[in-house]
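# Report on the structure
For reference, the chains in residue letters:
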Amino acid sequence: MSKVIIHTCSSILIRPNGIVRYINAVIDLQRKLGHYVVFVSDSKPSQVINAHQVMYDSTMSYYRPNMRDGHVWLQYDTGIKAQIRSALDCYGGADLVVAHDLHSFEAAREFTDNGIFVQHETDILTAGARYSYMDDEYIAQQFDAVNSTENWRVGMTVASTNIQPKNPVGAPCPLELADMWPVKYKTRDLLYIGDASERKGAREFMAMARDLGVTPTVITHERDTELFDGANVYSFDLTQKKEMYHLMAQHKVAYIPSKNECPGLGVIECLQFMPVVVDGQYAWTNYVSDVGADVKTGADIKTTIQQHIDNPGLYSRDRVDQWAEQARIQWTTLSDA
């Protein structure tokens, strides 16, 4: 039976990042299930959103970067509450509301109890990490919200034990996997996906490429940074997934030495085509070990990458295929309930 499903997220988080890819993957699945999907934000999204309708209050962002101790506080007094109310009035309510950030959740739960607050924040899901640009107070509010809310369900993008929601539901990204490419296309060695930040481990990646003596490929939105000098650097927008996958499929191995990720969509996207090596000294890598990533530490990282470069025909993606099917089933159940 067709349902009206509302997704909502503050515009500042709608950037070329994993949250948008995650939101679009869920929306794509829900549309295939026959549901009508509306996306609500405070300001006009800067990225393509695949919903039937996109509702927002302003063409200009409400975001004002109030810095505290090197982090930013995201204000709550934006137009998102009024837009959620407007969307609910327009459709006579909603069969499900999915909030993708704290402000959307706080606003939407004033109008309905039938919602899922999806937890995307890396520093909430991974113990001992602090790489988010969010202010400490904002992080603390998120912890309180996910652990104390009585009625809303909390969508767990990964199997974290760092939070204890009263009503958790599994909500891994229902990424529709591309067809695996044959080995004959493996004409490039080493791949990295991510920005040039400390959290993503870009400097560690470039050092590893130099140590291996290979010319790496970098897919990033920071094409002009000097950090990636010596690499073949590419950038794709959200409408160029096929072109990006075509490039990715040419590689023998990816190395993604991020210090914190949740759920690590770049890893999963790479696993469609090639083995992925991650640095096991960081706790988030527990979330991708079951998906099929090679979790290594120390000297074993270089050794494993070299083995994959030397033997590109040995990779099987069975584990990521199983993960993707389970994710699809979980979101189908959440959407149809």
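So, a few notes on the structure that sits alongside this text. (Residues numbered from 1 in each chain as written. Predicted model: local features only at pLDDT ≥ 70, side-chain atom pairs only at ≥ 80, totals over all residues. Heavy atoms only, no water.)

Attention shifts here to the packing of helix α1 (residues 18–32) against helix α11 (residues 318–336). In the contact formed by α1 and α11, the axes pass within 10 Å of each other and the chain directions differ by 65°. The angle between the axes of α1 and α11 places the two elements in the roughly perpendicular class. Pair α1 / α11 crosses with right-handed handedness. Of α11, the residues touching α1 (which contributes Tyr 22, Val 26, Leu 29 and Gln 30) are Arg 328, Trp 331, Thr 332 and Ser 335. Considering only residue class, the contact of α1 with α11 consists of 4 nonpolar, 3 polar and 1 charged. (Axes fitted to C-alpha atoms, helices over the stretch in contact; angles between N-to-C directions. Helix = DSSP H or I, 4+ residues; strand = E, 2+ residues; numbered from the N terminus. Parallel < 35°, antiparallel > 145°, perpendicular 65-115°, else oblique. Left-handed = near helix turned anticlockwise from the far one by under 90°. Contact = heavy atoms within 4.5 Å. Nonpolar A, V, L, I, M, F, W, Y, C, P; charged D, E, K, R; others polar.)

Read from one edge of the open sheet, 6 strands run β12-β11-β10-β13-β14-β15, paired in parallel fashion. Where the open sheet ends on each side, the last strands, each with one partner, are β12 (232–234) and β15 (294–296). Mean inter-strand twist for the sheet, computed between neighbouring axes without regard to direction, equals 25°. One ladder, built from 3 bridges, connects strand β14 (residues 276–279) with β15; its direction is parallel. Across the sheet, residue Val 277 finds its bridge partner in β15, namely Asp 294. Each of β10 (188–193), β11 (217–219), β12 and β13 (251–255) is contacted by helix α7 (residues 241–248), which is oriented at about 160° to β11, the strand it contacts most. The strands touched by helix α10 (residues 299–310) are β10, β13, β14 and β15; relative to β13, the strand with the most contacts, the crossing angle is about 165°. (Pairing = 2+ DSSP bridges.)

One open sheet accounts for 7 strands, arranged β3-β2-β1-β6-β7-β8-β9; its pairing is parallel. Looking at the sheet topology across the chains shown, the edges are occupied by β3 (53–55) and β9 (168–170). Strand after strand, the sheet turns through a mean of 25° between neighbouring axes, direction not considered. Pairing of strand β2 (residues 36–40) with β3, which is carried by 3 bridges, proceeds in the parallel orientation. Its bridge partner being in β3, Val 38 is matched across the sheet by Gln 53.

Glancing now at the layout of surface pockets. If a probe as big as a water molecule is rolled over the atoms, it shows which places are left empty. The space that makes up the second largest pocket amounts to roughly 300 Å³. Around the second largest pocket, the lining comprises 17 residues; the ones closest to its centre are Thr 157, Val 158, Ala 159, Tyr 287 and Trp 323. Elements with a contribution of two residues or more to the lining of the second largest pocket: α9 (286–289) and α11. Of all the elements, α11 adds the most residues to the lining of the second largest pocket, at 4 residues. Looking at the lining of the second largest pocket residue by residue, the classes come out as 11 nonpolar, 5 polar and 1 charged. (1 Å grid on protein atoms, 1.4 Å probe; cavity = no way out; pocket = protein on both sides within 12 Å on 5 of 7 lines; lining within 4 Å. Points joined across faces, edges and corners; volume = space filled by probe spheres on them.)

Here the focus is the pattern of salt bridges. For the structure shown, the criterion picks out 14 salt bridges. Between Arg 130 and Asp 123 there is a salt bridge, with its nearest N and O atoms 3.0 Å apart. We note a salt bridge from Lys 200 to Glu 261, for which the minimum N-O separation is 2.6 Å. Taken together, the positions of Lys 200 in the loop between β10 and α6 (202–212) and Glu 261 in the loop between β13 and α8 (265–271) put the pair 61 residues apart, joining distant regions of the chain. Residue class for Lys 200 comes out buried when judged on its relative accessible area of 15%. (Salt bridge = Lys/Arg side-chain N within 4 Å of Asp/Glu carboxyl O. Buried < 20%, exposed > 50% of the residue type's maximum accessible area, 1.4 Å probe, protein only.)

A general trend in soluble globular proteins is that nonpolar side chains are found buried together. If you look at the biggest cluster of nonpolar residues, it comprises 88 residues, and the most contacted ones within it are Met 248, Val 267, Cys 270 and Trp 331. No other element matches the 8 residues that α1 contributes to this core. The contacts of Cys 270, once residues within four sequence positions are left out, are Leu 191, Ile 193, Met 248, Ala 254, Ile 256 and Val 276. Counting 20 residues, the second-largest nonpolar core is a separate cluster that includes Leu 190, Ala 209, Tyr 255 and Ile 301. (Core = buried A, V, L, I, M, F, W, Y, C linked by side-chain atoms within 4.5 Å.)

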